[in-house]
Amino acid sequence: MNNLETIAKDLYLMGCNVLINEPMSKHTTFRIGGKVALYVTPKTKNIFIEVLNYLDKNNIEYKIIGGGANLIVSDKFHDFVVISTEYISGYEIENEKIIAESGIPLSRLSFIALENSLSGMEFACGIPGSLGGAIFMNAGAYGGEMKNIIETVEVYDLKSKKILFLGNSNCKFGYRTSIFQKNNLIILGATIALKKGIHEKIKQEIFNLLEKRWSKQPLEYPSAGSIFKRPEPTFYVGTTIEKLNLKGFSIGGAQISEKHGGFIINKENATFEDVQQLINHVKKIVKEKYNKDLKVEPEIWD
Ligand SMILES: Cc1cc2nc3c(=O)[nH]c(=O)nc-3n(C[C@H](O)[C@H](O)[C@H](O)COP(=O)(O)OP(=O)(O)OC[C@H]3O[C@@H](n4cnc5c(N)ncnc54)[C@H](O)[C@@H]3O)c2cc1C
């Protein structure tokens, strides 16, 4: 990137934390990823918009990161800017609604809902990452998904330079998809519609779901969650991998979790290449035995 120092200074003066040559392995839950030219964290939503306008105007390539929980980043140098939404994390409660900014951790929001005896977000208590990332992915678990609780999404449209509000049906939520994967709208925040519930019941449900997650998922190791999407609603990839005796199979430092066949874990200093090879190995075997084409769920930054 040309003028790296100048860009860094401009973004700093706008109100961002700025890091040059920052390893992405520090910002992904997989703990894998090479250095990025600039890693910037705007301190407020308005600064975020200013940064987007600046990068757009100057034709500087960038990507957005929430919690980095759905990313597999290659080990090479990435010559672009990463904008983190980490500090854009305000929220307010209005009756049965939570109006929150995109960078707030999703699991935190489900505990905020609990504190206010609001029901509907229990499913999200153990999903890592930000509200923005969860909307982008239509994240879901244990029968719940973002689609069921999002009333409106506040976005920034770089083309018109306007803030827009999209209603739920305009978000085109599907299984781990949303309209945001296809357009260039930047998610600034959302209104989440919940229902008044009984505090103890919500708490118990959260406890049960967290317990289930801990007993089934390798949360004690870095990963990017489920590595494959279900190719069809009743085809469970984790169970299939287990049946194929692939649990525990390793390439380099990457391993198919012994606890959950659907997870690849970074067991010991795994490289991007280790993970890619393991993914390809599983894909090949599943294709041979079940004639199913597996697709990787996390986004790959190659
Ligand atoms: C241990 C573990 C368990 C998991 N369990 C689940 C689960 O049960 N259910 C599930 O659905 N997922 C699960 N995941 C995957 C992950 O938690 C979700 O996909 C989550 O929603 C990703 O959010 P994030 O903020 O980390 O997104 P990131 O990984 O930071 O980004 C993902 C994508 O969203 C885009 N994005 C992020 N913020 C914005 C924004 N503000 N505007 C526009 N685009 C944006 C990014 O550019 C990127 O394309 C799990 C992951 C792990 C590591």
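Residues numbered from 1 in each chain as written. Predicted model: local features only at pLDDT ≥ 70, side-chain atom pairs only at ≥ 80, totals over all residues. Heavy atoms only, no water.

- In the annotation of an unreviewed UniProt entry, the protein chain is listed under the name UDP-N-acetylenolpyruvoylglucosamine reductase and assigned to Marinitoga piezophila.
- Of the protein chain, the UniProt comment under Catalytic activity (unreviewed entry) reads exactly: "UDP-N-acetyl-alpha-D-muramate + NADP(+) = UDP-N-acetyl-3-O-(1-carboxyvinyl)-alpha-D-glucosamine + NADPH + H(+)".
- For the protein chain, the Subcellular location (unreviewed entry) comment in UniProt is given as "Cytoplasm". (UniProt positions renumbered as here; feature names shortened; annotations may be inferred.)

**Looking at the site of the ligand**
Okay, so step 1: Taken together, 32 residues sit near the ligand, with I64, P128, S130, G140 and E299 positioned nearest.
Okay, so step 2: A distance of 2.6 Å separates an oxygen atom of the ligand from a polar atom in the backbone of P128.
Okay, so step 3: Between the ligand and the protein, one listed contact pairs an oxygen atom with a side-chain N or O atom of E299 at 2.4 Å.
Okay, so step 4: Protein coverage of the free-state accessible area of the ligand, which is 980 Å², stands at 94%.
Okay, so step 5: Listing elements by their share of the shell around the ligand, those giving two or more residues are β3 (62-65), α4 (131-137), β9 (140-141) and β15 (223-226).
Okay, so step 6: Counting residues per element, the shell around the ligand draws most heavily on α4, at five residues.
Okay, so step 7: Residue composition of the shell around the ligand, grouped by class: 15 nonpolar, 14 polar and three charged. (Near = heavy atom within 4 Å. Polar contact = N/O pair within 3.5 Å; in protein donor to acceptor, adjacent residues only side chain to side chain. Areas by Shrake-Rupley, 256 points an atom, 1.4 Å probe, with all protein chains shown as cover. Helix = DSSP H or I, 4+ residues; strand = E, 2+ residues; numbered from the N terminus. Nonpolar A, V, L, I, M, F, W, Y, C, P; charged D, E, K, R; others polar.)

**Some details on the packing of helix α1 (residues 4-14) against helix α2 (residues 45-57)**
Okay, so step 1: Direction vectors running N to C along α1 and α2 enclose 155°, while the axes themselves pass 10 Å from each other. With respect to each other, α1 and α2 are oriented roughly antiparallel. For the pair α1 and α2, the sense of crossing is right-handed. Each of T6, I7, D10, L11 and M14 in α1 lies in contact with α2, whose residues at this interface are I47, E50, V51, Y54 and L55.
Okay, so step 2: For the contact of α1 with α2, the per-class residue count stands at seven nonpolar, one polar and two charged. (Axes fitted to C-alpha atoms, helices over the stretch in contact; angles between N-to-C directions. Parallel < 35°, antiparallel > 145°, perpendicular 65-115°, else oblique. Left-handed = near helix turned anticlockwise from the far one by under 90°. Contact = heavy atoms within 4.5 Å.)

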